[in-house]
Amino acid sequence: MKYIAYHRTSTKDQHLDRGVAEIMKYCSENDIPLYKDKVYTDQQTGKNFNRPRYQMLKDEILESGDVLIVTEIDRLGRNKEATLKELRFFHDHGIRVMVLELPTTLIDLSSMDNSMARMMLETINNMMIELYASMAQAEIEKKEKRQREGIDAKKARKEWDDYGRPRVMSLEEFALCYRQVQQGEKKPFELMKELNMKKATFYRYKQLITDK
């Protein structure tokens, strides 16, 4: 049996180290010999499970009888149906999942002699996991709704550029800078570098001021 830890944060989240520290602290305090003495991590969205470290754990490391440790359900995934599907996969393959935020999942039910108590705890675990998975999905849906509302508001104020991308700078500012190219004082690539613009963005701005 191996104890394997996994933690995920989004690419913009700054709490990767905190989650790793939480798992390491729990394992140390409870004398759990963590596999490779490390926590496997991904810094990717929780919308799906196409993450390199997670897939490696699932396909190459986790085996029947092993234990997977995560801090919270949403650190595993934020899509309810996909997360529950992954949990069913682990259950069907004899892999126990411990979720630090859900104390009842920390109890090894296989060691319990009382079948009624074991069944009750399994039921509680399933209910709590589904509830937390629902909350994780609701949170991401709320965030996406706020983002859509923000985009719609920017579009209404004509502050949103082509294909929904916010402008790096105003057209007036760009036109002023671009005069240096028009007057032969700078090469396009020099101004591009100075403005920290990608080539496609630079020429899109050029087209916009030309069309005005």
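Data block above holds the structure.
**Student:** Just to check I follow, could you spell out the overall build of the protein chain for this structure?
**Tutor:** A count of helices and strands for the protein chain gives eight helices and four strands. A globule of 212 residues ought to have a C-alpha radius of gyration of about 17 Å, yet the protein chain, at 25 Å, is considerably larger. Overall, the C-alpha framework of the protein chain stretches about 85 × 35 × 30 Å when taken along its three principal axes. A burial count over the protein chain gives 36% of its 212 residues as buried. Sequence-distant contacts in the protein chain: of pairs separated by 6 or more residues, those separated by 24 or more amount to 66%. Accessible surface, the protein chain: about 13500 Å² in total, of which carbon and sulfur atoms supply 51%. Positive and negative charge centroids in the protein chain, built from 38 and 35 side chains respectively, lie 8 Å apart.

**Student:** I would appreciate a short explanation of the pattern of salt bridges in the present structure.
**Tutor:** For the structure on display, the rule yields ten salt bridges. We note a salt bridge from Lys 186 to Glu 194, for which the minimum N-O separation is 2.1 Å. You can call Lys 186 partly exposed: its relative accessible area is 21%.

**Student:** Explanation requested: the packing of aromatic side chains in the structure shown.
**Tutor:** Remark: the centre distance and the inter-plane angle together describe each pair of aromatic rings, the angle taken between the planes. This model, assessed by the stated rule, comprises nine aromatic pairs. Between the aromatic rings of Phe 174 and Tyr 205, the centroid separation amounts to 5.2 Å while the plane-to-plane angle is 65°, which identifies the pairing as edge-to-face. Remark: Tyr 205 occurs in helix H8 (residues 199-211) and Phe 174 occurs in helix H6 (residues 171-182); sequence separation between them is 31 residues. Judged by its relative accessible area of 0%, Tyr 205 falls in the buried class. Between the aromatic rings of Tyr 178 and Phe 202, the centroid separation amounts to 6.0 Å while the plane-to-plane angle is 55°, which identifies the pairing as tilted. Linking Tyr 178 in helix H6 with Phe 202 in helix H8, this pair joins segments that are 24 residues apart in sequence. Each member of the pair, Tyr 178 together with Phe 202, is buried. By way of ring pairs, the aromatic residues Tyr 6, Phe 49, Tyr 54, Phe 89 and Phe 90 are connected into one cluster. Cation over ring: Lys 2 sits above Tyr 35, and NZ or CZ is 5.9 Å from the ring centre. Positioned over the ring face of Tyr 40 is Lys 38, at 4.6 Å from the centre of the ring.

**Student:** Honestly, helix H5 (residues 115-156) in this entry has me stumped. Any pointers?
**Tutor:** One full turn of an α-helix is made of 3.6 residues, so residues set three or four places apart face in the same direction. A rise of 1.5 Å per residue sets the reference length of H5, with its 42 residues, at 62 Å; its end C-alpha atoms lie 61 Å apart and thus fit the reference within 8%. Next to the buried residues of H5 lie helix H3 (73-76) and helix H4 (80-92).

Reading the values: rules and limits
Residues numbered from 1 in each chain as written. Predicted model: local features only at pLDDT ≥ 70, side-chain atom pairs only at ≥ 80, totals over all residues. Heavy atoms only, no water. Helix = DSSP H or I, 4+ residues; strand = E, 2+ residues; numbered from the N terminus. Rg over C-alpha atoms; globule rule 2.2 N^0.38 Å. Buried < 20%, exposed > 50% of the residue type's maximum accessible area, 1.4 Å probe, protein only. Contact = heavy atoms within 4.5 Å. Areas by Shrake-Rupley, 256 points an atom, 1.4 Å probe, with all protein chains shown as cover. Lys, Arg positive; Asp, Glu negative; His and termini not counted. Charge placed at Lys NZ, Arg CZ, Asp CG, Glu CD. Salt bridge = Lys/Arg side-chain N within 4 Å of Asp/Glu carboxyl O. Phe/Tyr/Trp six-rings, centres within 6.5 Å; stacked < 30°, edge-to-face > 60°. Lys NZ or Arg CZ within 6 Å of the ring centre and 35° of its normal. Expected span 1.5 Å × (residues − 1).

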